[in-house]
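Coordinates in review
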Amino acid sequence: MTWEGGAALGILGIAAPAVPGIAVKTKSLLTGRRGAPVLQLYYDLWKLLRKGTVYSRTTTWVFRAGPVVMLASLLVATLFLPLDGRAAPAGFAGDLVVFAGLLALGRFALVLAGLDTGSSFEGLGASREVTIASFAEPTLFLCFIALVLATGEISLGGMLGTPLAVAWPRAGASLSLVGISLFVLLLAENSRVPVDDPATHLELTMIHEVIVLDHSGPDLALILYGGALKLALFGVLVVSVFVPRADLSGGVAVAVLVAGVALVAVAVGVVESIMARLRLNRVPQLLVGAAVLASFGIILQLH
Amino acid sequence: MHNAARLVLLLIVLSDLAVLGTTRLTSCIRGLAAQGVLLGLLPLLLAPQLSVHAVSLGLGTVAVKAVVLPWFLARAIREAAVRREIEPLVGFIGSQLLGALAIALAFAIASRLPLPPTQQSLLVPVSLATLMIGFLVLTTRRKALMQVVGYLILENGIYLFGLTHTESVPFLIELGVLLDVFVGVFIMGIVVFHINREFDSLDSTRLTELSD
Amino acid sequence: MTLVAVGLVLIVLAGVAAAALSRRPAAGELVFRALFGTGCVAGAVPALAVLAGAVVPDVRLPGAVPLGGWVFGLDALSAVFLLAILSVGAACAFYGLAYLARERGHRAVGAAHLLLAFLVSALAAAVIARAAAPFLIAWEVMAVTAYLLVVLEHERPEVRRAGLIYLAVTHAGTLLLFALFATWAGDAGDFSFAALAEHRQLLAGRGGMILVLALVAFGLKAGLVPFHFWLPEAHAAAPSHVSALMSGVVIKMGVYGLLRTVLLFGPPPPWWGWVVLALGACSGVLGVVWALAQHDIKRLLAFHSVENIGIILLGIGAGALGLAYGHPVIAVLGFAGAALHTLNHALFKSLLFLGAGSVIHATGARDIDRFGGVARRMPTTAAAFLVGSAAIVGLPPLNGFVSEWVVFQALLRGGVEGGARDAIQLAGLAAVALALIGGLALACFVKVVGVLYLGTPRDVVATTAREPTARMIRPVVGLAVACVAIGLLPIVVVPPALRVGSLVAGIAPGAVGPEVAAAGPATAFTLGLTAALVAAWAARGAFGRRQPRLEAATWACGYAAVTPRMAYTASSFAAPLLGVFRPVAGVRTARVGDTFATHPTDPVLERVVLPAWHGVRAAAAGLRPIQRGGLQLYLLYVVVVVAAVLLYLVATGRTL
């Protein structure tokens, strides 16, 4: 692992809570409000870490394990992305399956923790979350397959690193479609509008928020941090596809990555202010639309 | 020029997919209008040099496909007071998947058709895809207005296919293509008007009541 | 080989002892355990040796039988299936001793153990058979003993119906197997597998028919869509340990047959590979969609077997395409993934069935919606079931992930290694189907674990659950430990799997090494992930010790009067997904007065098989008047036929 990769990893870990802050700030400014400060999530995490925890009597160890497993799997998943634009710290053949599997592990643990409370609200959120996830996974794989066909590599470090920069001139149109599809996936997996509204607190309209209703204190801090890290990870995916950084020098590549993720957060804020949340039975249609875009990218490559 | 034409063709496919995926009829008409603008740009990008002929063809296409027809359709929507499409016969997810299948088939077939080679290799596949998607919209949607939109997309596909032969085809054929569109829309407009007047709705599945 | 034979004999003896000593259950169980365990170990040792690279020569027994000689052998393919059979067989047999213990008074429990022992030995004999005669005899014994075990609770009509469907289907499969062997061997007369392999050159046009017959015959046994309709019925009707054995191993005999066919046939034509890939994708997706709709936990697990057979067939399809298009690495990886997933599925599916069996044994109920909060009363079973669920979903670092990852590699390499315009690039799209299967499986098992084990009890039945005895827990925990061990150490299982894959693909064992499949880095990853999880858990525990902890009721936005009836049910949980898949899900809703119920059906059984069966019965009823029993009528038939034959001879001018 080069020092740029290590530095990028550190920056990602420390700056992740700022990413949702940028999205919220953009949305507030566009809707005419001042909005919360960009660093709000840091204050929230600090406050939560100093609090105690309340556990429900119906819960078992599964409830306590949920946030821990989710965050640990996300941190391991970060190691498979080429943050410096060239190669990833860890990688082997077929590790895109590993990436998807780690995200699934985190989701499994968190949803089970939600069901452990025995409340119907968490059950509602869990049911919707797994429905959306069932359509998000094949879409993610379609995007990955488009990258596989473009670069000829089956490892994430290769698919998003140097071979991608080589493939851009030839397959630019297809890769742009993949990037758009990945952005829609970002909105779906991180529960942003139009899939889910992170700001609403009406029980019947929440998806992700409602699964974590009963977590408190440090557990909630872990979940919030994990959510921010996941948003940053998907931002890294989108930036890597749109802006191949293999030809840039190490420090510049990292700076471009940071700027790119910030730009993605701004884009998320813009989308959140111009669109309304979709009706729940339209969300699979949105994800199938993203999948169709990615498959069009694949068709262009095979042409 | 080559890359710009390629970009325009890709945007045409995206506009097809947008029409397939949306429920609001006004969005469909906006997609159709966008498609008209793109189709108007295309002869200008494909012609080896800008001539009066190419420019006038482009302007005429834009005028008809992007201005007149969408305005006519929007007026029909206002008079019939419909806003949204109800669930199509194959479902929204099904129509999107069929659209993707149509695009795949178009690309697969186009490479096997015995056509003279054109310099823009995407033109034939995109025209076939647009044709098939237009047919898909025409057959699976319930509202008569959506069927008109589907017919127009079908005609756009045929127009695209005709663009492969602009060099060897005289001006008369292009006029004939445009006239074809006019006649089709005219008939569809009359039919829509009569359906609406007779049944107070534009749901074409209710046409089966005629046979009772 | 002798060690394997000794093992089989010991297993059979164990069953006989259990039946003979049924008056003295304690002694009988002890003898059964000792003999069965020794037999399994005796059989497993040569299997492990072969998987590590030893070569065992074939054994040809003297004596003539109508279908050719008796040949037995043990190669890598047989070894991996033998390992699955013996390990799962031992777990299920030991579990069954405790499971059936309280039925001693009114059921032939000793006979049940005898039949189980026969079943396990028949399965083992089928995989070591190298000629048609022993194979078919073992196949028949397996089918009949499985039937007898399925109808153990024969006083229930649905059990009898399920057994009848199972019997009819398995015999249809056997008939097709006879046709397969007959077509393949032709006029040669030597039905040993070696002879069949050499016969490949002389096949001419019959190759396609052989492949289709093999696919249908072994697909019927494996439970491939659309031949799966017997599976949920039979596996739900059987006692839990028998269901575990059937789902874990018996349906894998279909997979074994397909792999053996590919091994003996050589590179198949591309269309067969595409058909297998398509059927695998359909089975996988439809299996899990149908599983989502089920309320009964055993039917749900049975449909998941259909899904996993689909995944295995995706691997076989990828391998077949690799062979057909000349990409040896893809071929080896595809078959290796299929073989590895067979072993893994045997382990975690039997774990899930045995865990469910513990719950059913304790409470007597099978409907998921009546449970809730069982994890507090049965913590060990719940933990083992959770391990099995995570394994079947394919989550790292468990064994399901390892085999699915190998299958994914085969499919993704198809997209990469084919040159531009090579048809095999489309195989990459099957990876999308595999991803969809994984996502839907996650939804289904979150539903099962969440509704059954977590939350609050929904019915008084759930409060009667209690942890089973140590003898019933030990097999379950043993299987869970095996799942975790295989998941943590891919470097141990992937090289033998690659050896099996190379054998099936007909490539030298060393050509595709473990570094191609990246087994070393994968092991580093699984160990690292486990370390990270453990470290995170410990850190959270240490951090939390210094802070206040309170216990309270579930907050859930402050709703005060929560009753168990308000908890989410399994059918509500699955409703959004089933709504999207409504055309194929086969869920019927019934509205009676002010009650509303959903009822899952199997579309293939209800809309294809049963109407076809009724059509056949109607046609047969139309033919019934021919056999009215009157002697004069029969004499008239004889006279008419003889006269017709004479007329025919006269008309065509031939002599007799």
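Residues numbered from 1 in each chain as written. Chains lettered and ligands numbered in written order. Predicted model: local features only at pLDDT ≥ 70, side-chain atom pairs only at ≥ 80, totals over all residues. Heavy atoms only, no water.

Here's the deal with unusual backbone geometry
Cut-off, in case you're wondering: Strands here mean DSSP runs of E at least two residues long; helices mean DSSP runs of H or I at least four residues long; both are numbered from the N terminus.
Note that the residue after V225 of chain C, namely P226 of chain C, is joined by a cis bond; omega there is 0°. Within the secondary structure, P226 of chain C sits in the loop between helix 8 (206–222) and helix 9 (230–237). Backbone geometry places S191 of chain A, a non-glycine residue, at a positive phi of 55°. For S191 of chain A, the location among the structural elements is in the loop between helix 8 (162–189) and helix 9 (208–211).

Regarding the side chain of D214 of chain A
Note the following rule: Any residue under 20% of the maximum accessible area for its type is buried, any over 50% is exposed, and the rest in between are partly exposed; the area is computed with a 1.4 Å probe on protein chains only. Charged-residue counts in this description rest on Lys and Arg as positive and Asp and Glu as negative, His and the chain ends being excluded. Note on definitions: salt bridges are taken to be side-chain nitrogens of Lys or Arg within 4 Å of carboxyl oxygens of Asp or Glu. Pairs of residues are marked as contacts when any of their non-hydrogen atoms sit within 4.5 Å.
Position of D214 of chain A relative to the elements: it lies in the loop between helix 9 and helix 10 (217–242). Lacking a salt bridge, the buried D214 of chain A has R57 of chain A as its closest oppositely charged neighbour, with an N-O distance of 11 Å. Those residues in contact with D214 of chain A that sit more than four places away from it in its chain are V54, S56, F63, T117 and E122 of chain A together with T554, W555 and A556 of chain C.

A closer look at the confidence of the model for chain C
Regions with low pLDDT carry predicted coordinates that are not meant to be interpreted in detail. Put simply, the test is: A residue's pLDDT is the predictor's confidence in that residue, given on a scale from 0 to 100.
Looking at chain C as a whole, its pLDDT mean stands at 89, while 98% of the residues score no less than 70. Here the complex is predicted with pTM 0.91, and the ipTM for its interfaces comes to 0.94.

A word on the packing of aromatic side chains
Working definition: an aromatic ring pair is given by the centre-to-centre distance plus the angle between the planes. We count it as follows: Stacked, edge-to-face and tilted are the three classes for Phe, Tyr and Trp ring pairs, Trp counted by its six-membered ring, which pair at centre distances within 6.5 Å; planes under 30 degrees apart are stacked, over 60 edge-to-face, the rest tilted. In our convention, an over-ring charge means Lys NZ or Arg CZ found within 6 Å of a ring centre and within 35 degrees of that ring's normal.
If you walk through the whole model with that rule in mind, you get 25 aromatic pairs over all chains. Centroid distance F141 of chain A to F144 of chain A: 6.4 Å. Interplanar angle 80°. Geometry classified as edge-to-face. A residue pair is termed a helical-turn pair when its members lie 3 or 4 positions apart in one helix, as F141 of chain A and F144 of chain A do in helix 6 (residues 120–151) at 3 residues. Residue class for F144 of chain A comes out buried when judged on its relative accessible area of 1%. By way of ring pairs, the aromatic residues F80 and F92 of chain A together with F401, W405 and F525 of chain C are connected into one cluster. Just above the ring of Y159 of chain B sits the side chain of K65 of chain B; from NZ or CZ to the centre is 5.2 Å. Across the ring face of F94 of chain C, the terminal group of R33 of chain C is positioned such that the distance to the ring centre comes to 5.3 Å.

Side note on the domain arrangement of chain C
Operational definition: Residue ranges assigned to the domains are those given by an automatic or database domain assignment.
Looking at the assigned domains, one finds that chain C contains domain 1 (268–505) and domain 2 (623–651). For domain 1 of chain C versus domain 2 of chain C, the distance between C-alpha centres works out to 58 Å.

Observations regarding the pattern of salt bridges
In the structure shown here, the tally under the stated rule is 19 salt bridges over all chains. Between E272 of chain A and R192 of chain A there is a salt bridge, with its nearest N and O atoms 3.2 Å apart. Here E272 of chain A is found in helix 11 (residues 250–274), whereas its partner R192 of chain A is found in the loop between helix 8 and helix 9, with 80 residues between them in sequence. Given the relative accessible area of 5%, E272 of chain A is considered buried. Of the charged contacts in the structure, one is a salt bridge between R156 of chain C and E158 of chain C, with a shortest N-O distance of 3.2 Å. Because the salt bridges share partners, they merge into one network encompassing R107, E129, E189 and K230 of chain A.

Considerations on the state of the cysteines
Filter applied, for reference: The rule for a disulfide is simple: a pair of cysteine sulfur atoms within 2.5 Å.
Scanning the entire structure with this criterion turns up 0 disulfides over all chains. C282 of chain C carries a free sulfur, and the closest cysteine sulfur to it, the one in C444 of chain C, is 19 Å from it.

A word on the interface of chain A and chain B
The cut-off we apply is this: For any pair of parts, buried area is found by adding up, for both, the accessible area (1.4 Å probe) each one loses once the two are put together. N or O atoms closer than or at 3.5 Å make up a polar contact, with two conditions inside protein: a donor-capable atom paired with an acceptor-capable one, and, for residues adjacent in sequence, both atoms drawn from side chains. Classes in brief: Ala, Val, Leu, Ile, Met, Phe, Trp, Tyr, Cys and Pro nonpolar; Asp, Glu, Lys and Arg charged; the others, Gly included, polar.
On the side of chain B, 17 residues touch chain A, which itself brings 14 residues to the contact. A combined buried area of about 1,400 Å² lies between chain A and chain B, and 78% of that area is made up of carbon and sulfur atoms. On the surface where chain A and chain B come into contact, there are 0 salt bridges. Summed over the shared surface of chain A and chain B, the result is 1 residue pair in polar contact (both at pLDDT 80 or more). No other element matches the 10 residues that helix 12 (residues 283–302) of chain A contributes to the side of chain A that touches chain B. Tallied by class, the residues present in the side of chain A that touches chain B amount to 9 nonpolar, 4 polar and 1 charged.

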